[in-house]
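Each chain, letter by letter, is given below.
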Amino acid sequence: MQKIDNFLWAHSGLRLLPTDRRKAVRDVLIAILGVSLFVVTVDAVVFRQHLSQTYVDFSTSPLWPRTAVVSAIAALEEFKYRLLAMTAMAAAAKLALPRLSPAAAVTIIVAAQFINVGPLVLADPLYASLRYWLVGSVWGWLYWRHGWLAALAGHASVHALLDPMLALALTQSAA
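Quick notes on the rules
Residues numbered from 1 in each chain as written. Predicted model: local features only at pLDDT ≥ 70, side-chain atom pairs only at ≥ 80, totals over all residues. Heavy atoms only, no water. Phe/Tyr/Trp six-rings, centres within 6.5 Å; stacked < 30°, edge-to-face > 60°. Buried < 20%, exposed > 50% of the residue type's maximum accessible area, 1.4 Å probe, protein only. Lys NZ or Arg CZ within 6 Å of the ring centre and 35° of its normal. Patch = residues over 30% accessible without salt bridge, like charges linked within 9 Å, V, L, I, M, F, W, Y side chains within 5 Å. Areas by Shrake-Rupley, 256 points an atom, 1.4 Å probe, with all protein chains shown as cover. Salt bridge = Lys/Arg side-chain N within 4 Å of Asp/Glu carboxyl O. Helix = DSSP H or I, 4+ residues; strand = E, 2+ residues; numbered from the N terminus. Expected span 1.5 Å × (residues − 1). Bend = angle between axes of the 7 residues up to and from the residue. Contact = heavy atoms within 4.5 Å. 1 Å grid on protein atoms, 1.4 Å probe; cavity = no way out; pocket = protein on both sides within 12 Å on 5 of 7 lines; lining within 4 Å. Points joined across faces, edges and corners; volume = space filled by probe spheres on them. Nonpolar A, V, L, I, M, F, W, Y, C, P; charged D, E, K, R; others polar.

1. Some points on the packing of aromatic side chains
Pairs of aromatic rings are described using the distance from one ring centre to the other and the angle between the two planes. A full pass over the atoms with the stated rule returns 3 aromatic pairs. For the pair Tyr 127 and Tyr 132, a centre-to-centre distance of 6.0 Å together with 90° between the ring planes defines the contact as edge-to-face. Assessed through its relative accessible area of 6%, Tyr 127 is described here as buried. Three or more aromatic residues link up through ring pairs in this structure, and these residues are Phe 47, Tyr 127 and Tyr 132. Residue placement shows Arg 66 over the ring face of Phe 58; its charged tip is 5.6 Å from the ring centre.

Written as structure tokens, this is what we have:
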């Protein structure tokens, strides 16, 4: 694993493993809590009347096996859009630039997430930008800051907190 991490670092400036596990765990937990509270606010308060009944029905359906399935999909997204797409963009940028600036990092993070959610953003710009583009960029930030395993852990784990909170909030705020 360390050889892969070293290779990734040399070619993209990104890592698989966190360099400081305590800070990574702290930031993953903060991200899980922050994303959960943000999504519940966006969906159950700000955009409640905007949500499709299909989305509400899915989000209020029984947690098992839905949460496990959604967590697996989140892990797959981390593989495709962070590990593959974001790493490729960072490697290309590292070839072109002497040093990746914070602006380059943000650009790469949001571009990789746009690959994932672009059609949603184009179809519903304000809602999808907040609900999917911004939220997914949190996982990109975790990857950039603490390594891919931190992003994977955060995104795959967030549904254990988010899904019951969202189900309760949507049930309580029935349109």
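2. Let's talk about a nonpolar patch on the surface
Together, Leu 33, Leu 37 and Leu 161 make up a nonpolar patch on the protein surface, roughly 240 Å² of accessible area in all. Take Leu 161: it is sitting in helix H7 (residues 148-172). Relative accessible area serves as the criterion here: at 31%, Leu 161 is assigned to the partly exposed category.

3. Some words on helix H4 (residues 63-96)
Between its first and last C-alpha atoms H4 spans 46 Å; for 34 residues at 1.5 Å apiece the expected length is 50 Å, and the two agree. Roughly 25° is the biggest bend found in H4, and it falls at Met 86.

4. Observations regarding the side chain of His 155
Looking at where His 155 falls in the secondary structure, it is placed in helix H7. Residue classification places His 155 among the buried residues on the basis of a relative accessible area of 7%. Contacts of His 155, omitting those with residues within four sequence positions, involve Ala 74, Glu 77, Glu 78, Arg 82 and Trp 139.

5. Some remarks on the environment of Trp 141
Along the chain, Trp 141 falls in helix H6 (residues 125-146). Sequence separation between Trp 141 and Ser 173 is 32 residues, and the spatial gap between their C-alpha atoms is 31 Å. Here Trp 141 is in contact with Asp 27 and Ile 109, once residues within four sequence places are set aside.

6. Let's talk about the layout of surface pockets
Its volume calculated, the largest pocket comes out at about 560 Å³. Each residue belonging to the lining of the largest pocket can be placed in one class, and the counts come to 15 nonpolar, 6 polar and 5 charged. Here the second largest pocket defines a volume of roughly 180 Å³. Lining the second largest pocket are Leu 17, Pro 18, Arg 21, Ala 24, Val 25, Val 28, Leu 29, Leu 149, Ala 150 and Ala 153. Residue assignment for the lining of the second largest pocket shows that the elements contributing at least two residues are helix H2 (21-46) and H7.

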